[in-house]
Amino acid sequence: MDFFNLPPLAHYFTPEHEQFRDTLRQFIARDITPHVNAWDEAETFPLSLYKQVADLGVTGLGYPEAYGGTPADVFYNIILAEEYARCGSGGMQAALNSHTIALPPLLMAGSEALKQRVIPPVLRGDKIPALAVTEPTGGSDVAALKTTAVRDGDHYIVNGEKTFITSGMRAHFITTAVRTDPQSKGSKGISVLVIDGDTPGLTRTALKKMGWWCSDTAHLRFDNCRVPVANLVGEEHHGFKTIMSNFNAERLFMAAVAYGHAQVCLQEALDWARQRSTFGLPLSERQVVRHKLMDMQLRIDAARSHVHELAYRIQHQLGDPSALVARIAMAKVLATQALQFCADQALQILGGMGYMRGTRSERIYREVKVMMIGGGSEEILKDLAARQQGV
Ligand SMILES: Cc1cc2nc3c(=O)[nH]c(=O)nc-3n(C[C@H](O)[C@H](O)[C@H](O)COP(=O)(O)OP(=O)(O)OC[C@H]3O[C@@H](n4cnc5c(N)ncnc54)[C@H](O)[C@@H]3O)c2cc1C
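S.K.: Teacher, can you tell me more about the pattern of salt bridges here?
M.R.: Between side chains of opposite charge, a pair can form when the charged atoms approach closely. Tallying each qualifying case throughout the model produces 20 salt bridges. Where Arg-357 meets Glu-41, a salt bridge forms, and the shortest distance between an N and an O atom there is 2.9 Å. Pair noted here: Arg-357 is in the loop between helix H11 (321–350) and helix H12 (360–373) and Glu-41 is in helix H2 (residues 36–42), with a separation of 316 residues, a long-range link. When its relative accessible area of 53% is taken as the criterion, Arg-357 is described as exposed. Of the charged contacts, one joins Glu-378 and Lys-382 as a salt bridge, the two residues approaching to 3.3 Å between their closest N and O atoms. Of the two residues, Glu-378 and Lys-382 are both situated in helix H13 (residues 378–388); the distance of four residues between them amounts to about one turn of the helix. By relative accessible area, Glu-378 is classed as buried at 16%. Overall, Lys-382 belongs to the partly exposed group, its relative accessible area being 39%. Salt bridges here are not isolated pairs; linked through shared partners, they connect Glu-18, Arg-21, Arg-25, Glu-82, Glu-83 and Arg-86.

S.K.: Whenever I open this one, helix H9 (residues 247–275) confuses me. Can you help?
M.R.: Turn by turn, an α-helix covers 3.6 residues, leaving residues three or four places apart pointing in a common direction. The terminal C-alpha atoms of H9, which comprises 29 residues, lie 42 Å apart, in line with the 42 Å expected from a rise of 1.5 Å per residue. In terms of residue burial, H9 counts as a mostly covered element, since 24 of its 29 residues are buried.

S.K.: Help me understand the site of the ligand in this model?
M.R.: Taken together, the neighbourhood of the ligand is formed by 17 residues, with Gly-139, Ser-140, Phe-164, Ser-377 and Glu-379 sitting nearest. Taking Thr-134, its side chain carries an N or O atom lying 2.7 Å from a nitrogen atom of the ligand. Within the backbone of Phe-164, one N or O atom sits 2.7 Å away from a nitrogen atom of the ligand. If the ligand stood free it would expose 970 Å²; the protein chains cover 64% of that surface.

S.K.: Is there a simple way to explain the nonpolar core in this structure?
M.R.: One broad rule of soluble globular proteins: the nonpolar side chains tend to lie buried together. Core analysis: the biggest nonpolar cluster contains 70 residues, and Ile-32, Phe-45, Ile-78, Met-92 and Leu-96 have the highest contact counts within it. Looking at this core, the element that brings in the most residues is H9, giving 16 residues. Of the residues that make up this core, three or more belong to each of domain 1 (15–123) and domain 3 (244–388). Core analysis: the second largest hydrophobic core is formed by 22 residues, Ile-101, Ile-119, Phe-173 and Ile-190 among them.

S.K.: I tried to follow a nonpolar patch on the surface on my own but got confused; where do I start?
M.R.: Side chains of Met-353, Tyr-355 and Met-356 sit close together on the surface and give an oily, nonpolar patch of about 360 Å² of accessible area. Within the fold, Met-353 resides in the loop between H11 and H12.

About the cut-offs
- Residues numbered from 1 in each chain as written.
- Predicted model: local features only at pLDDT ≥ 70, side-chain atom pairs only at ≥ 80, totals over all residues.
- Heavy atoms only, no water.
- Salt bridge = Lys/Arg side-chain N within 4 Å of Asp/Glu carboxyl O.
- Helix = DSSP H or I, 4+ residues; strand = E, 2+ residues; numbered from the N terminus.
- Buried < 20%, exposed > 50% of the residue type's maximum accessible area, 1.4 Å probe, protein only.
- Expected span 1.5 Å × (residues − 1).
- Near = heavy atom within 4 Å.
- Polar contact = N/O pair within 3.5 Å; in protein donor to acceptor, adjacent residues only side chain to side chain.
- Areas by Shrake-Rupley, 256 points an atom, 1.4 Å probe, with all protein chains shown as cover.
- Core = buried A, V, L, I, M, F, W, Y, C linked by side-chain atoms within 4.5 Å.
- Domains from an automatic or database assignment.
- Patch = residues over 30% accessible without salt bridge, like charges linked within 9 Å, V, L, I, M, F, W, Y side chains within 5 Å.

What follows is the structure, encoded as structure tokens:
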């Protein structure tokens, strides 16, 4: 058990959940955490890890058995986020979990044939998927997307650009939001296509970024890409809802990753404060430092408690759906603000060492902003929450 952590409440987590947590924790501590610095510096990691994670049953969690998955409740996903966070690398978490944003639209609305072709190889760890929504002209305003897919017989001809796409360089399947009705404006006329990674006319460029180095992030360009109509996900022109439908799950997951990383910062700062002495006393005995540690803890506890309660409400369908959407959005804001605060405080306590590559807090500090922007930025989420509650 972590020094500052209370044991998980049995009210939320069953012995089966905890057994899964233990297995995952051991795997991450043994096979991921010792390598994250080297993998970040190399801007990649061994792709065999996809297979290892799949073999552990992690990739298929929450997916139907018919596609090789294991049905699971929302608390398994919370455990997944909390345990991945322990490795202290958001890049690992983002890369290994790109299927959690790329597959749900397909699972929700795809044809049986398309699901059978795409989902099982991904859940087996043989193929990698990506979700491509954001465009160079903007990501927050999804309804303004410009990439076109014009019908030509049994194919769509796709033209346009997507950017900041996680796993975009490696992906075998790219779940892509396109405009199938060129005359349409806004959310109408948008569709979802699965575009195979080897489609002629697709060019991918790797992007350099502030953090998440081991996770590839790509700019994609589609030049007259011919995509079979059979790759359409759901009804033509009605893809907007399909795209938006997974955001709640993504945001709750990101919130749990955020307080998980904040906890890593707290632990590192605590360990350092106990062993670093200045002027004859350990830092941990200075009131100003102890207050910093407690200020970190209270923000983590608030975010964690809120996320666990929301998970319970989702699981048991307790509460008005609009209010839940709002609270999930705000939970991500709360947790990422906690992360920002904790990363900042941890670096301050670590002093010069916190500025050096190799400390977990240094990496997490560089990863704060992507957590506050991706999956819905703070500004967009606050607006959404207000709207959902009739403000
Ligand atoms: C590392 C990384 C990985 C990513 N992975 C993916 C991925 O896999 N797939 C994918 O599709 N996208 C991905 N994204 C994109 C991400 O979802 C977008 O960056 C995000 O949605 C914001 O879009 P934008 O960057 O275009 O900012 P914009 O939408 O241009 O917004 C810029 C700023 O203006 C603010 N703003 C916008 N509108 C308003 C408003 N009405 N009122 C007030 N403020 C406003 C925003 O909050 C933001 O602060 C990734 C991004 C990063 C950095």
